[in-house]
Each structure stands twice: as structure tokens, then as C-alpha cells.
Amino acid sequence: MKVLEKGPGWSVKQRCTGMGNGWGGCQSLLLIEEDDIYVTSHTDCTGDTEIYYTFSCPVCGRETDINSTTLPMGIPYSIRQTALKKYRNDCKRKIR
């Protein structure tokens, strides 16, 4: 099979709001691509851990959690899995 024209890949427009990270984002409108997304987490006092798909603003450096329920198709499964694998590998390195 030959690739006649490579597709643009996945991307979504998001504003830097700081949502989930103390707010205070600069409100820049950004085109977020697959490699921009990483996982952050929060563990509460009962030990329950929630994960979030996050990006860092190149303008102000503030992290913003992506609210995937507001995206038309959500974050694709393959992108979520890639981000989770990186997160788990980072956690293993920290434990050692």
C-alpha cells in the first residue's frame, strides 16, 4: 500500500484555562495534538486515584486538564492509552 497523502492526525482546539490545576490560565487558544497530552493524577485521602488528560500551555506554562466530555468525539482511545503507558512508566521509574 502507498500513502498518497498523509492525514493531519488528531488535534483539538483548547483554551488555556488552568482547569483542574488552580485555574489562572492565560486564555490562549491552542491547537493540542497527540504528543501534547500527558496524564496527571490526584489521590484523595481514601487512596482513590483519579487520572486526567492534561496539556501545558507554551505561552504561560500553566497546565490545563482536558474535559473530554466537551469534545465532539472525546480523546481517541489510542491517544489515551499512549498517555497512560508513559504515565505508568514514569511511576515505575519514581518507585525504583
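Heads up: the structure comes first, above all this text.
Model, not experiment: these values are computed from the prediction.

Moving on to the overall build of the chain. In terms of helices and strands, the chain carries one helix and five strands. In the chain, the succession of α and β elements from N to C terminus is β-β-β-β-β-α. In terms of overall dimensions, the chain has a C-alpha envelope of 50 × 35 × 25 Å along the principal axes. Classification of the 96 residues of the chain by burial places 26% in the buried group. Contacts in the chain between residues at least 24 apart in sequence constitute 46% of all its contacts with a sequence separation of at least 6. When the accessible surface of the chain is totalled, it reaches about 7200 Å², and 52% of it is carbon and sulfur. Charge-centre separation for the chain: the mean point of 13 positive side chains lies 6 Å from the mean point of 11 negative side chains.

Moving on, we come to the side chain of Asp65. Inspection of the secondary structure puts Asp65 in strand β5 (residues 63-65). At 3.1 Å, the side chain of Asp65 forms a polar contact with the side chain of Asn21. At a separation of 2.8 Å, a polar atom in the side chain of Asp65 contacts the side chain of Thr54. When sequence neighbours within four positions are dropped, the list of residues in contact with Asp65 reads Met19, Gly20, Asn21, Thr40, Tyr52, Tyr53 and Thr54.

What links the strands of a sheet is backbone hydrogen bonding, and the strands pair in either a parallel or an antiparallel sense. If you walk across this open sheet you meet the three strands as β3-β4-β5, and the pairing is antiparallel. Single-partner strands in this sheet number two, and they are β3 (38-43) and β5. With direction set aside, neighbouring strand axes in the sheet form an average angle of 45°. Here strand β4 (residues 49-56) pairs with β5 via three bridges, running antiparallel.

Most often, soluble globular proteins keep nonpolar side chains buried together rather than apart. Core analysis: the biggest nonpolar cluster contains 15 residues, and Leu30, Ile32, Ile37, Tyr53, Ile66 and Ile75 have the highest contact counts within it. Secondary structure elements with two or more residues in this core: β2 (29-33), β4 and α1 (77-95). The element that contributes the greatest number of residues to this core is α1, accounting for three residues. Residues contacting Tyr53, with those up to four places away along its chain left out, are Ile37, Tyr38, Val39, Thr64, Asp65, Ile66, Ile75, Arg80, Ala83 and Leu84.

Reading guide: rules and limits
- Residues numbered from 1 in each chain as written.
- Predicted model: local features only at pLDDT ≥ 70, side-chain atom pairs only at ≥ 80, totals over all residues.
- Heavy atoms only, no water.
- Helix = DSSP H or I, 4+ residues; strand = E, 2+ residues; numbered from the N terminus.
- Buried < 20%, exposed > 50% of the residue type's maximum accessible area, 1.4 Å probe, protein only.
- Contact = heavy atoms within 4.5 Å.
- Areas by Shrake-Rupley, 256 points an atom, 1.4 Å probe, with all protein chains shown as cover.
- Lys, Arg positive; Asp, Glu negative; His and termini not counted.
- Charge placed at Lys NZ, Arg CZ, Asp CG, Glu CD.
- Polar contact = N/O pair within 3.5 Å; in protein donor to acceptor, adjacent residues only side chain to side chain.
- Pairing = 2+ DSSP bridges.
- Axes fitted to C-alpha atoms, helices over the stretch in contact; angles between N-to-C directions.
- Core = buried A, V, L, I, M, F, W, Y, C linked by side-chain atoms within 4.5 Å.

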